Amino acid sequence: MFDFGIKDIIDIFLVATMLYYVYRLMRDSRSLNVFIGIMVFVLTWLFVSQILEMKLLGSIMDKLVSVGVIALIVLFQEEIRKFFYNLGAHQRVRSLMKVLSFGREKDTKKQYKETIMPIVMACMSMSRGKVGALIVIERAAPLDDIVETGEKIDANINQRLIENIFFKNSPLHDGALVVSKKRLKAAACILPVSHDMHIPKELGLRHRAAMGISQDSDAVAIVVSEETGRISAAIKGEFHLRLSAEQLEKLLTEEMNQ
């Protein structure tokens, strides 16, 4: 007689949940067809080896599965990295880490204030002059690979320096400015561009680059439009459009204190 208990229900639920999140991850990374192909192969393998009990074909597929695990790790290394990053960046995990670092909370808030205000003031000044800008603020996930694509600065955060970097005749105005650990780390950095079809068509390449880095990391990306002077921010794959100085300061303060 087949026993089916509460542990089996939990087991099925956990597997279904895992497959659902893998499906979402593959869908967002445009690898959905590959995921479907893998699922078809796994189901065929189970059907052949467990139900039909075809020993020769089953043994061949067993070898393919054992080698295929390594191939999948290589093929989907970015998706796997993103999965574990999202797991570590989950709100409950971050809340636990915040509790553990409670003793440093006041100092951290002061540091965020020193970081945020010069950026907000620079963005407002560039907005009035319709100077295009793209600023990426690093949080928990390091952006060393992005910094390596640009020109290293390693300077204190300063409103005038930010404005000079994005001045239209400046050789560093193209690309992104990366802010890390209260320092202007590098300028003219190259960001991954999002190919999300839901991004409004009126938003340009700077906005797509901001969306791309916000999808690949927990960084906050701020965009000043060269055409309209409007300020936007991309956070966790979502846009916050037409921000005022107060809204931008509040948004950055809330996000950086999480």
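In the block above lies the structure referred to throughout.
These lines cover the structure that appears in this document, whether it is placed above or below. What you are looking at is a predicted structure, and each value in this text was computed from that prediction instead of being measured. (Residues numbered from 1 in each chain as written. Predicted model: local features only at pLDDT ≥ 70, side-chain atom pairs only at ≥ 80, totals over all residues. Heavy atoms only, no water.)

Before going further, it helps to examine the nonpolar core. Grouped together as the largest cluster of nonpolar side chains are 30 residues, with contacts concentrated most on I119, M126, I135, I137, I162, F166 and I222. Sorting the residues of this core by element identifies α6 (105-128), β1 (133-137), α8 (159-165), β3 (176-180), β4 (183-189), β5 (220-224), β6 (231-235) and α10 (245-256) as the ones contributing at least two each. Ranked by residues supplied to this core, first place goes to α6 with seven residues. Not counting residues within four places of it along the chain, the set of residues in contact with F166 comprises M126, V131, G132, A133, L134, I135, H173, G175 and L177. (Core = buried A, V, L, I, M, F, W, Y, C linked by side-chain atoms within 4.5 Å. Buried < 20%, exposed > 50% of the residue type's maximum accessible area, 1.4 Å probe, protein only. Helix = DSSP H or I, 4+ residues; strand = E, 2+ residues; numbered from the N terminus. Contact = heavy atoms within 4.5 Å.)

A separate point is the sheet that holds β4. Ordered by their spatial adjacency, seven strands build an open sheet running β2-β4-β3-β1-β5-β6-β7, and the pairing between neighbours is mixed. The strands lining the two open edges of the sheet, one partner per strand, are β2 (151-156) and β7 (238-240). Averaged over neighbouring strand pairs, the angle between their axes works out to 20 degrees when direction is ignored. Here β6 pairs with β7 via three bridges, running antiparallel. When the sheet's bridge partners are listed, A233 is paired in β7 with H240. (Pairing = 2+ DSSP bridges. Axes fitted to C-alpha atoms, helices over the stretch in contact; angles between N-to-C directions.)

What follows is about unusual backbone geometry. Apart from glycine, the bulk of residues carry a negative phi angle, and the bulk of peptide bonds sit in the trans form. Positive phi values are uncommon outside glycine, yet K182 reaches one of about 65 degrees. Along the chain, the position of K182 falls in the loop between β3 and β4. Residue classification places K182 among the partly exposed residues on the basis of a relative accessible area of 35%. Positive phi, close to 60 degrees, is recorded for A188, a residue that is not glycine. For A188, the position within the fold is in strand β4.

Most of β3 sits inside the fold, with five of its five residues counted as buried. Here β3 folds back onto β4, and the loop between the two strands holds two residues, one of which, K181, carries a positive phi near 50 degrees.

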